[in-house]
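# Architecture at a glance
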Amino acid sequence: MSQTTLPQCWQDLHDAINNGIDRIILFGPPGTGKTFAGLTAGNVQAGAHRLICTEDMTVADVTGTFMPNASGTFSWVDGAALKAWNGDGINGGRLVADEIDKAGGDVFAQLLAMMDSHGSATWEHPETGRIHRPLDGFSVIMTTNLEDMNDLPEALADRFPVRIRINTPHPDALAALSWDLRDVAARMADAGPRRISLRSFMAFDNLRKGIGKEKAARLVFRDRAESILDALTIENKA
Amino acid sequence: MTRLVPEPEILSRYDTEHGNWEVDPCRPVRGEPTTNIVERTMTVPVDDSERSRVIRAHEMMHAKVSPAGDFIGWINRGIASQTAMKAVEEVRVNLLCDKVGFKIREHLTDGGETADGERLAATNDWANAVFMAVATAGTASSKPFLTGIRRHNRLWGSALLDISKRVLKEMNKAYKTGTLSSTSLDRHSGLSPQGFTHVERIAEWIDRLANAPAPQETAEETEDGTGDGEGDGKKEGGARSHSNIGVTGAGDERGVPLTAITPSQQTTVPPHWGELVIGKLPLTVSMKGTLGKKRIAAPTGRSPRRLHRYYTDPQRRIFDKTVRGMGGIVVIDASGSMSFTRDQIKKIMENAPGCTVLSYSDAMTEENAYILADNGMIAAELPSQGYGNGVDFPAIEWAVKRKPRSSTPVVWVTDGGVCGPNQGYNDMLAMQCIEYCKKHNIFVVPHVNEAIKLLHDIKMGRKPHTVWPAQFRQTYRNLNGGLLR
């Protein structure tokens, strides 16, 4: 990612990662590239593993489970957290946990254990009995759309002292848009009830090249199309 | 029904922070749609009619380009009135809407303009008629408004149509500069948005038009000037081919032609004054006379303290009355084109005991003005001062604020070459000084000797007279067509 003229939130993330912080929460409106940043920001050479938390997920998604194999028996498959612990075998990898606050009770408890500090975090393999510990370099970036960090469970909040609100898409992501939409997309990503995601602008940008801006706006923005087009006219032509 | 809510969050400005807006619906009626940039609130019609769409575009353009928190700063500059700036801002916003493709000329109307025009003409409210004509210029509201005006006063209708056209022409000239919609900080005035400097300049002209005597029809015109008031005013009034014909008679009571009242020149750097910084000089030399009270003989009173006068005074002034020295405040332009000596300052004090004398210039040092004399004391030496002017208006403003009594005379000694710091002579700044002097009864003289004579006249009870400098007279004639009196 480029290091020049970064918006404050992205600069904060880089500063935190570059100064050894390995437990970070990225929160804020959807569509600003929090997960992408989690998967790519900093040193992720040992691998980055994404875990999308839902109420229906199980501990198996976190640590692993026995799965049927080609020989008709069962073999152990590591979950995302365990993969991140082990990394490339030399260094720990990155665990990117999306919406951890939405996980069920038992999964949440397991995740807390896996995200614990290096000295405390251990897990026993059910087949081999081997005790696993996170390798050096293991890091966790958690993303959530929650706006109030006080809503986080206390145990989780305690493990993540650095919380950064990502309120604008990363400049590298915006660079994919046509110039007239870049600043607008950055502002609208955090426009409260009338926010428009970066993905919508990307769709609009692609569509308008083929079918014209009126049709593209109608398809992407629906009943807001006329107002958005009028606002874009005033913004870019006045 | 489809609800079309505008999207002000999409708009950006250099002078305000981006944030979420609160948008509320209203009827498409003049006065109801509003935009508050500071509080980020907007009230607009949300139906899907064309009229509502241009109203939304109009309010969105306000959100994009109009002054936010600095509007009070523009008012405080004192160059144009708040009402005039608001009217001209409407023209700027409407012109920008028109330029980007919104059909302002066809749809921006609420249907009540004809009645507004009739009311203003019927109540003889020329100033508000001018402001309304300006505010509606270039929109669908203009024609019905002028129609309403013409139903009561055909000459006004033609004059206001002419003003509307000239305002649009000026705004189009401003548009060509490429800065009309700029929201950057104007570093000269320290205010934003930069595009508003054009509004201020035109508004200063509109103020002069609004304050000019209203055009009046001659008896002959009234007799044959009746009609239905419809049309665009180009061919009305028989042989009258121009709006201001009929008000041009030299020396009549109707003033100068409105066409002679013109806007000041557009400049690349918006004219502005410097900050008045008054330095302290040691006032060590005492002069005769102060501002104190003095008893003199009077023909009427309560206690006859001077009975001997009953026989010796032909007017038998046996009573006392207390008179107070008038003092005065003399402001002297100490720029390179002016000159004065300490002896002249002494003479000023002899003729106006206790007066305050301030000299100013566009000095390169931190201080650009000095009090040379005050309360019976005078400086032993005059300080060296700069070559430019820089703070003419702040200096006379200071003098008016310092007046101990409303009757204290204020005298301004200047050759009229007023200008801001590092700027050339500017008509708009000159007009600001002229208007201020007229409003506050400041006596203007081009040389210190004339100030001495003027103060002597006041002392002797004679009526003093302003002698307007040649540059002021020229500017006034250029911009207003008439003589500066």
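What follows concerns the sheet that holds strand β3 (residues 41-44) of chain B. All names here are of chain B. Pairing is mixed across the open sheet formed by three strands, whose spatial order is β1-β3-β2. In this open sheet, the two strands that pair with only one neighbour each are β1 (22-25) and β2 (34-36). Strand-to-strand twist in this sheet, taken as the mean axis angle between neighbours without regard to direction, amounts to 15 degrees. Here β2 pairs with β3 via three bridges, running antiparallel. Bridge pairing in β3 places threonine 34 opposite threonine 43. Against the sheet, helix α1 (residues 50-65) contacts β2 and β3, and its axis sits at roughly 165 degrees relative to β3.

With that settled, consider the interface of chain B and chain A. Contacts between the two partners involve 22 residues from chain B, matched on the other side by 20 residues from chain A. Here chain B and chain A share an interface that buries about 2,000 Å² over both sides, 59% of which is from carbon and sulfur atoms. Scanning the region where chain B abuts chain A turns up six salt bridges. With a shortest N-O distance of 2.9 Å, A:Glu235 and B:Lys64 are connected by a salt bridge. The tally of links between chain B and chain A comes to 11 residue pairs in polar contact (both at pLDDT 80 or more). The leading source of residues in the side of chain B that touches chain A is α1(B), at six residues.

Moving on to the environment of A:Thr32. All names here are of chain A. Along the chain, the position of threonine 32 falls in the loop between β1 (23-27) and α2 (34-40). Counting along the chain gives 66 residues from threonine 32 to aspartate 98, while the straight-line C-alpha distance between them is 13 Å. Not counting the four nearest positions on each side in its chain, threonine 32 is found in contact with Trp10, Ile166, Asn167, Thr168, Pro169, His170 and Ala189. Within polar-contact distance, the side chain of threonine 32 engages the backbone oxygen of proline 29 at 3.2 Å.

A few words now on the sheet that holds strand β2 (residues 48-52) of chain A. Residue and element names in this part refer to chain A. Spatial strand order, β2-β5-β8-β1-β9: five strands in an open sheet with parallel pairing. Looking at which strands have only one partner, the edges of the open sheet turn out to be β2 and β9 (162-165). This sheet shows a mean twist of 20 degrees between the axes of neighbouring strands, independent of strand direction. The pairing of β2 with strand β5 (residues 94-98) spans five bridges and is classified as parallel. Its bridge partner being in β5, alanine 48 is matched across the sheet by arginine 94.

What follows covers the state of the cysteines. Here is the idea: a disulfide is a covalent bond, and it sits between the sulfur atoms of two cysteines. Scanning the model with the defined rule gives zero disulfides over all chains in all. With no disulfide of its own, B:Cys355 lies closest to B:Cys437 among cysteine sulfurs, the gap being 18 Å.

Conventions and cut-offs
- Residues numbered from 1 in each chain as written.
- Chains lettered and ligands numbered in written order.
- Predicted model: local features only at pLDDT ≥ 70, side-chain atom pairs only at ≥ 80, totals over all residues.
- Heavy atoms only, no water.
- Pairing = 2+ DSSP bridges.
- Helix = DSSP H or I, 4+ residues; strand = E, 2+ residues; numbered from the N terminus.
- Axes fitted to C-alpha atoms, helices over the stretch in contact; angles between N-to-C directions.
- Contact = heavy atoms within 4.5 Å.
- Buried area = accessible area lost by both parts, 1.4 Å probe.
- Salt bridge = Lys/Arg side-chain N within 4 Å of Asp/Glu carboxyl O.
- Polar contact = N/O pair within 3.5 Å; in protein donor to acceptor, adjacent residues only side chain to side chain.
- Disulfide = S-S within 2.5 Å.

Scope: geometric values only; no functional claims are made or implied.
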